[in-house]
Amino acid sequence: MRNTMLAALAAIALLGSSAVFSADAPALADRHAKMGVKCEQCHAVKTPAAGTRPKNEACLACHQSYEALAAKTAKLDPNPHKSHLGNVRCADCHSGHAQSRLMCNDCHKFDLKVK
Ligand code: HEC
Ligand code: HEC
Ligand code: HEC
Ligand code: HEC
């Protein structure tokens with residue numbers, strides 16, 4: 001019982017933390033699983049094939065729109081959700097099961113981390 005409570009508290013602390021992703025930190029899909037999000041809510045199918053990437057519409061079913069996301073990250077410079085590239089694929093930056101990466105830095109050198 002006590003262990004379950006501690007695990008739950010640790011999960012809440014992780015969700016609320018802005019700590020930089022480390023090899024020990026849960027990846028995006030695991031963080032979503034803790035909130036009850038199922039594979040098929042990102043992937044549309046229960047057993048995604050290798051090489052598949054979620055469509056933006058799947059993410060936006062819960063996260064509304066690029067405009068809404070840009071408002072949430074308005075303090076970041078540059079704003080990763082509002083750029084000259086337009087509404088690119090979420091998965092270009094947000095990895096599901098691995099370290100995320102700021103795709104902008106293929107060309108730029110911005111000091112921005114994607115969790
Ligand atoms: C079934 C609903 C649902 C779907 C589908 C979903 N999310 Fe989320 N996501 C949430 C909720 C709820 C939160 C926590 C509240 C918040 O931060 O908006 C969250 C939080 C996040 C966060 C910030 C917290 C963290 O752990 O990093 C990111 C980034 C994120 N989602 C990206 C995505 C991406 C990218 C996709 C598609 C591949 C996606 N989400 C699909 C519900 C969803
Ligand atoms: C150019 C890279 C990039 C793309 C593309 C991108 N994001 Fe993000 N996103 C970031 C960065 C950087 C942050 C801030 C650090 C973090 O929370 O990971 C962020 C934060 C978030 C958050 C947390 C916002 C908050 O502070 O409450 C959510 C939710 C999110 N992104 C969802 C999405 C979804 C859904 C898409 C596609 C529609 C998307 N992102 C596309 C880079 C990106
Ligand atoms: C929050 C959204 C989200 C959830 C939930 C999620 N995934 Fe993913 N998944 C992604 C993203 C984003 C990718 C794109 C590749 C990457 O970045 O890891 C991906 C890629 C994949 C791939 C292709 C991997 C490759 O390298 O070819 C498989 C297989 C997969 N996911 C299986 C699952 C299974 C099984 C579940 C449920 C246990 C699940 N995913 C839950 C977001 C999610
Ligand atoms: C394929 C290469 C490429 C990618 C990827 C890219 N950019 Fe750019 N970006 C450019 C070029 C070229 C310019 C115009 C030349 C300049 O002013 O540096 C530019 C200019 C900019 C500028 C204005 C000039 C500056 O450096 O302040 C901003 C801000 C910017 N990009 C943000 C982004 C963001 C945010 C992303 C990711 C969502 C991104 N870029 C992805 C090539 C790219």
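Worth saying up front: this structure is predicted, and the values here are computed from it rather than measured.

(A) Molecular detail of the side chain of histidine 81. Residue placement: histidine 81 occurs in the segment after α5 (66–72). A distance of 2.8 Å separates the side chain of histidine 81 from the side chain of threonine 73, its partner in a polar contact. With residues up to four places along the chain from it excluded, the contact list for histidine 81 reads Tyr66, Leu69, Ala70, Thr73 and His94.

(B) Highlighting the site of ligand 3. Neighbouring ligand 3 are 18 residues; Cys39, Cys42, His43, Gly51 and His97 lie closest to it. Here an oxygen atom of ligand 3 and a backbone polar atom of glycine 51 are 2.4 Å apart. Contributing elements (two or more residues each) for the shell around ligand 3: α2 (28–34) and α3 (39–43). Counting residues per element, the shell around ligand 3 draws most heavily on α3, at 3 residues. A breakdown of the residues in the shell around ligand 3 according to their chemical character gives 8 nonpolar, 8 polar and 2 charged.

(C) Looking closely at the coordination of the iron atom of ligand 3. Binding of the iron atom of ligand 3 to the protein goes through His43 (NE2) and His97 (NE2), at separations of 2.0 to 2.1 Å. In this structure, the iron atom of ligand 3 is coordinated by 6 donor atoms arranged in octahedral fashion, with angles at the metal of 87 to 179°. Here histidine 43 is found in helix α3, whereas its partner histidine 97 is found in the segment after α5, with 54 residues between them in sequence.

(D) Geometry of the pattern of salt bridges. Tallying each qualifying case throughout the model produces 2 salt bridges. With a shortest N-O distance of 3.1 Å, aspartate 92 and arginine 53 are connected by a salt bridge. Taken as a pair, aspartate 92 in the segment after α5 and arginine 53 in the loop between α3 and α4 (56–63) lie far apart in primary sequence, 39 residues in all. Among the salt bridges present, the one from arginine 101 reaches aspartate 106, with a minimum N-O distance of 2.5 Å.

(E) Spatial organisation of the nonpolar core. In terms of nonpolar packing, the biggest core is built from 6 residues, these being Cys93, Leu102, Met103, Cys104, Leu112 and Val114. The contact partners of leucine 112, leaving out residues within four places of it in the chain, are Leu76, Pro78, Pro80 and Leu102.

(F) Main features of unusual backbone geometry. Note that the residue after aspartate 77, namely proline 78, is joined by a cis bond; omega there is 0°. Looking at the element boundaries, proline 78 is found in the segment after α5. A positive phi angle, near 75°, is found at alanine 44, a position not held by glycine. Along the polypeptide, alanine 44 turns up in the loop between α3 and α4.

(G) Fine view of the site of ligand 4. Every residue near ligand 4 is listed here: Pro78, Ser83, His84, Leu85, Cys104, Cys107, His108 and Phe110. Histidine 84 has a polar side-chain atom sitting 2.8 Å from a nitrogen atom of ligand 4. Grouping the constituent residues of the shell around ligand 4 by class yields 5 nonpolar, 3 polar and no charged.

(H) Inspection of the coordination of the iron atom of ligand 4 at higher detail. Every protein donor of the iron atom of ligand 4 is accounted for by His84 (NE2) and His108 (NE2), and the metal-donor separations fall at 2.0 Å. Considering all 6 donor atoms around the iron atom of ligand 4, the spread of angles at the metal, 88 to 179°, places the coordination shape in the octahedral class. With histidine 84 in the segment after α5 and histidine 108 in the segment after α5, this residue pair connects regions lying 24 residues apart in the sequence. Classification of histidine 84 by relative accessible area gives exposed; the value is 70%.

Thresholds, definitions, all that
Residues numbered from 1 in each chain as written. Chains lettered and ligands numbered in written order. Predicted model: local features only at pLDDT ≥ 70, side-chain atom pairs only at ≥ 80, totals over all residues. Heavy atoms only, no water. Helix = DSSP H or I, 4+ residues; strand = E, 2+ residues; numbered from the N terminus. Polar contact = N/O pair within 3.5 Å; in protein donor to acceptor, adjacent residues only side chain to side chain. Contact = heavy atoms within 4.5 Å. Near = heavy atom within 4 Å. Nonpolar A, V, L, I, M, F, W, Y, C, P; charged D, E, K, R; others polar. Donors = N, O, S within 2.8 Å, 3.2 Å for Na, K, Ca; no water. Tetrahedral: all angles 85-135°; square planar, octahedral: opposite > 155°, others 65-115°. Salt bridge = Lys/Arg side-chain N within 4 Å of Asp/Glu carboxyl O. Core = buried A, V, L, I, M, F, W, Y, C linked by side-chain atoms within 4.5 Å. Buried < 20%, exposed > 50% of the residue type's maximum accessible area, 1.4 Å probe, protein only.

All we've got here are geometric facts, nothing functional implied.
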